[in-house]
Amino acid sequence: MNKPIAIITGASTGIGQSLSIKLSDKYFIYLVSRNKEKLQKTAELIKNKNNQCKMIVADVSRRKSIDLIYSQIKNKQDIELLVNNAGIAIFNNISKLSIDDWDKQLNTNLRGCFLMTKMIIDDLKSKKSGKIVFINSVAGLNPYKDSTAYVTSKYGLRGFSSALREELREYNIKVISVYPGAIDTPLWNNMGMDDLRQEMMTIDDISGIIINAINSPNNCTTEEITIRRVAGDF
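In this report, we go over the structure that sits alongside the text. All figures in this text were calculated on a predicted structure; none of them were measured in a lab. (Residues numbered from 1 in each chain as written. Predicted model: local features only at pLDDT ≥ 70, side-chain atom pairs only at ≥ 80, totals over all residues. Heavy atoms only, no water.)

A short note on the pattern of salt bridges
The tally for this structure, following the rule as stated, stands at 11 salt bridges. A salt bridge links arginine 169 to glutamate 223; the shortest N-O distance between them is 2.9 Å. Within this pair, whereas arginine 169 is found in the loop between helix H5 (148-168) and strand E6 (173-180), its partner glutamate 223 is found in the loop between helix H7 (203-214) and strand E7 (224-227), the two being separated by 54 residues in sequence. Note on glutamate 223: relative accessible area 28%, which makes it partly exposed. Residues arginine 229 and glutamate 199 are paired through a salt bridge, measuring 3.6 Å at the closest nitrogen-oxygen approach. Taken together, the residues arginine 229 in the segment after E7 and glutamate 199 in the loop between helix H6 (194-197) and H7 connect sequence positions 30 residues apart. Judged by its relative accessible area of 42%, glutamate 199 is partly exposed. (Salt bridge = Lys/Arg side-chain N within 4 Å of Asp/Glu carboxyl O. Helix = DSSP H or I, 4+ residues; strand = E, 2+ residues; numbered from the N terminus. Buried < 20%, exposed > 50% of the residue type's maximum accessible area, 1.4 Å probe, protein only.)

Okay, structure coming up:
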């Protein structure tokens, strides 16, 4: 394996899939997702480019899954990039929001990022290089109604990534937080948003901007990126 390693969660669809395919030119990609069938599609698209990847079917919110993921990564000294992309959204007002829906969003969107980061952090520290990307949301910058759990998870992720960045400066590890507005991804399926989806930003446009940040040279880094439509949020 001659390429450095990138680990991408939520790699089965949307931004995660797009980043996995594009980054496979430079990295050996470990694809992580709960959905095996959709993950296989991403893997096929990468292999069609004559690039290499490995699928790991796992739920990043579960400790046992983290141990499984780490055990399947070979040449751990080559880990160079982690993209924390896996996330879910369940929009509802507080009266109708179930405790289970609250837990699902906090566990996936925040706990999952912590567990994945902790999993590889000592490998990055030991060689004093690496990049960690957090795919957040404008909901991590501004509150929105009917989304208390989602907003809480994203505000928490903003705090976690910001504190982590300060902690890792001395190790030459870049921490990049991305705050996109509405993107036309499967996140909006079955949410009654079909009329607005054609006005949303595209997955490929967003992933291209993120890759530019990942590729920042030498001791330069883009620490935070807010990406919105020119017309602003909906």
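Having seen it, we continue.
With respect to the packing of aromatic side chains
To describe a pair of aromatic rings, you give the distance between the ring centres and the angle between the ring planes. Throughout the structure, instances matching the rule amount to four aromatic pairs. Taking the centre distance of 5.2 Å and the plane angle of 55 degrees together, the rings of phenylalanine 28 and tyrosine 30 count as tilted. What makes phenylalanine 28 buried here is its relative accessible area of 10%. When its relative accessible area of 2% is taken as the criterion, tyrosine 30 is described as buried. A ring pair is formed by phenylalanine 134 and phenylalanine 160, whose centres lie 5.8 Å apart and whose planes are at 85 degrees; its orientation type is edge-to-face. Taken together, the residues span a long stretch of sequence, with phenylalanine 134 in strand E5 (residues 130-135) and phenylalanine 160 in helix H5 at a distance of 26 residues. Residue classification places phenylalanine 160 among the partly exposed residues on the basis of a relative accessible area of 23%. Above the face of the tyrosine 70 ring, lysine 76 is positioned so that its terminal group lies 4.6 Å from the ring centre. Directly above the ring of phenylalanine 234 sits arginine 229, whose terminal nitrogen or CZ lies 4.0 Å from the centroid. (Phe/Tyr/Trp six-rings, centres within 6.5 Å; stacked < 30°, edge-to-face > 60°. Lys NZ or Arg CZ within 6 Å of the ring centre and 35° of its normal.)

What about the side chain of lysine 174?
Tracing the chain through its elements places lysine 174 in strand E6. Here lysine 174 sits buried without a salt bridge, and the closest side chain of opposite charge, glutamate 80, lies 7.9 Å off (N-O distance). In this structure the side chain of lysine 174 is engaged in a polar contact, spanning 2.7 Å, whose partner is the backbone oxygen of cysteine 220. In contact with lysine 174, not counting residues within four places along its chain, are Gly130, Lys131, Ile132, Ser216, Pro217, Asn218, Cys220 and Thr221. (Lys, Arg positive; Asp, Glu negative; His and termini not counted. Polar contact = N/O pair within 3.5 Å; in protein donor to acceptor, adjacent residues only side chain to side chain. Contact = heavy atoms within 4.5 Å.)

Brief notes about the pairing of strand E2 (residues 28-33)
Of all six residues that make up E2, six are buried, and the element is covered over most of its length. Burial along E2 is two-sided: Phe28, Tyr30 and Val32 facing one way and Ile29, Leu31 and Ser33 facing the other are all buried. Sheet topology places strand E1 (residues 5-9) next to E2; five bridges connect them, and they run parallel. Considered in E2, the bridge of isoleucine 8 is made with leucine 31. Following the backbone out of E1, through helix H1 (residues 14-23) and into the adjacent parallel E2, one traces a crossover that is right-handed. In the sheet, E2 pairs with strand E3 (residues 53-57) via five bridges, with the strands oriented parallel. Looking across to E3, one finds that isoleucine 29 is bridged to cysteine 53. (Pairing = 2+ DSSP bridges. Right-handed = clockwise from strand over helix to strand, strands pointing away.)

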